[in-house]
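If you want the building blocks of each chain, they are given just below.
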Amino acid sequence: MDKKKRTRELIVFAVIVLALLAGCLLTPSGGESEPIQEVMRDAVLHEQNKVSLFGLIEVNPGLISAYIVTGILIVFALVCRLFVIPKFKYVPGRFQLVLEQIVGMFDGLAEGSSPRRNKFLRAYIFTAGVYIFVSTLFELLGIQVVTTSGHAVSLPAPLSDINGAIALGVMSYGVILFGGLIAAGVGGFLHALKDFSLPISMSFRLFGALLSGALVTELVYYYAALSYVLPVIVGVMFTLLHALIQAYVLTMLVSTFYGESTEKHEKKPKAKKVKKSRSETAA
Amino acid sequence: MPLNINLQQILLHALNFVILFGAMYFLLYKPVKSFMDSRKAHYEKMDEDAKAVLAEAEKTKAGYEAQLKNADEEIARRQREANEALQHAVDERRAQAEQQAGEIVRKAQEDAAREHERVMEQAKGEISELMSAAAEKLVLSSTSDAYDKFLDTAEERKDNG
């Protein structure tokens, strides 16, 4: 009796799912739709889909995402500062443990890679790591905004915008450069200056990694047939992995290069040229 | 610009990040870090206090051990003294006993010598008495025989006669 009932329920469930699937695939999509080539091209270049920033200027959607992420993080920090941190105990609770683990992790990373004058670096990589992680996860929310051209786009990760990635890459390089100057003098500054390709590599690494995730997700969502079950793996798992990996990679790179630029650079003694005697030369 | 790179937007992103950095530093990082540092300092102080207490305890233990060692030495010294006193008393008693024994022996020897002399004197007297008795007896026996013979002869002659 129970078995028959369960079979009937399963059949009803399957029929509903199939009916909805057929409805999704067969009914025409409303509104204007862009071809996938344009969508992909615009995800990279942001030529068409601009969003108005308070009616002042037209910006890439990534900048709006960056502001929203910053707002979320500041509100979170404020709530923690006002309601959580005053109640901290020497034996931590779960939430306190999470906060301490995050701070301790970035502290440990900075301390391990760059043992000299790393106070600023600790705070910097903490903020950068949290920002990259949260902003990458932000694209999972899929918040919709209307562009100036009238299309609806979901807000991407801020660092999938080339401008955001360049800003973070250049700032990270600036931290390395001036950290070297302050800690190790002109030698440290020049040492960091030698790696002039660093801001480009860091910027484009971030941009490429996050953009690729965005493109794959965009591609998957573009075709209705692919947008069942698969997004759970592609969207969520890839985004989580990206968030973790990119946060770790950038903070690790910044710490390592900062450590190199802040260490003492001693001049190598010049090797004396020994003049060979005539007899040795003749021999 | 290639790739639609826009300097204004780069600066807007940078401004956004700087604001975020300031907020995260003052609202989250610094308070959490200072709390962690204060807790670390607290536990380090506890550790140092514990180490100081431990060092004090070790010192006290060493003092007690030294006292115990001294007590052991004191006990050993007193035991040695007691043994020596005992040995001395034993030796004294033994000497006294030997002296007493010597006196007893000497006295016994003197008594024995005196008894010997007395016995010898007594024996001498008895021997002389016995000798005189024997001599007397001998004399008497020889005279009586001659007398008897005389009497016998006299009687025979009387009978014959």
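Everything in this summary refers to the structure shown in the same document. (Residues numbered from 1 in each chain as written. Chains lettered and ligands numbered in written order. Predicted model: local features only at pLDDT ≥ 70, side-chain atom pairs only at ≥ 80, totals over all residues. Heavy atoms only, no water.)

Remarks on the layout of surface pockets
In this structure, the second largest pocket encloses a volume near 370 Å³. Looking at the second largest pocket, it is lined by 20 residues, and the ones nearest its centre are A:I102, A:M105, A:F106, A:V130 and A:F133. Elements that contribute at least two residues to the lining of the second largest pocket include exactly helix 3 (61-84), helix 4 (94-113), helix 5 (119-138) and helix 8 (230-262) of chain A together with helix 1 (7-160) of chain B. With seven residues, the single largest contributor to the lining of the second largest pocket is helix 4 of chain A. In terms of residue class, the lining of the second largest pocket is made up of 18 nonpolar, two polar and no charged. (1 Å grid on protein atoms, 1.4 Å probe; cavity = no way out; pocket = protein on both sides within 12 Å on 5 of 7 lines; lining within 4 Å. Points joined across faces, edges and corners; volume = space filled by probe spheres on them. Helix = DSSP H or I, 4+ residues; strand = E, 2+ residues; numbered from the N terminus. Nonpolar A, V, L, I, M, F, W, Y, C, P; charged D, E, K, R; others polar.)

Details of the interface of chain B and chain A
In this assembly, 32 residues from chain B lie in contact with 53 residues from chain A. Both sides of the chain B and chain A interface together cover about 3,800 Å² of buried area, and 74% of this is carbon and sulfur. One can count two salt bridges joining chain B with chain A. Taking the shortest distance from any N to any O, the salt bridge between B:K33 and A:D107 comes out at 2.5 Å. Connecting chain B to chain A are nine residue pairs in polar contact (both at pLDDT 80 or more). Class assignment for the residues of the side of chain B that touches chain A results in 22 nonpolar, eight polar and two charged. (Contact = heavy atoms within 4.5 Å. Buried area = accessible area lost by both parts, 1.4 Å probe. Salt bridge = Lys/Arg side-chain N within 4 Å of Asp/Glu carboxyl O. Polar contact = N/O pair within 3.5 Å; in protein donor to acceptor, adjacent residues only side chain to side chain.)

Things to note about empty space enclosed by the protein
In total, this model carries one cavity of 30 Å³ or more according to the counting rule given. What the largest cavity holds in volume is close to 40 Å³. Contributing elements (two or more residues each) for the lining of the largest cavity: helix 6 (162-194) of chain A together with helix 1 of chain B. In terms of residues, the lining of the largest cavity owes the most to one element, helix 6 of chain A, which gives four residues. Residue composition of the lining of the largest cavity, grouped by class: six nonpolar, three polar and no charged.

Function-wise, these values are silent; they only describe arrangement.
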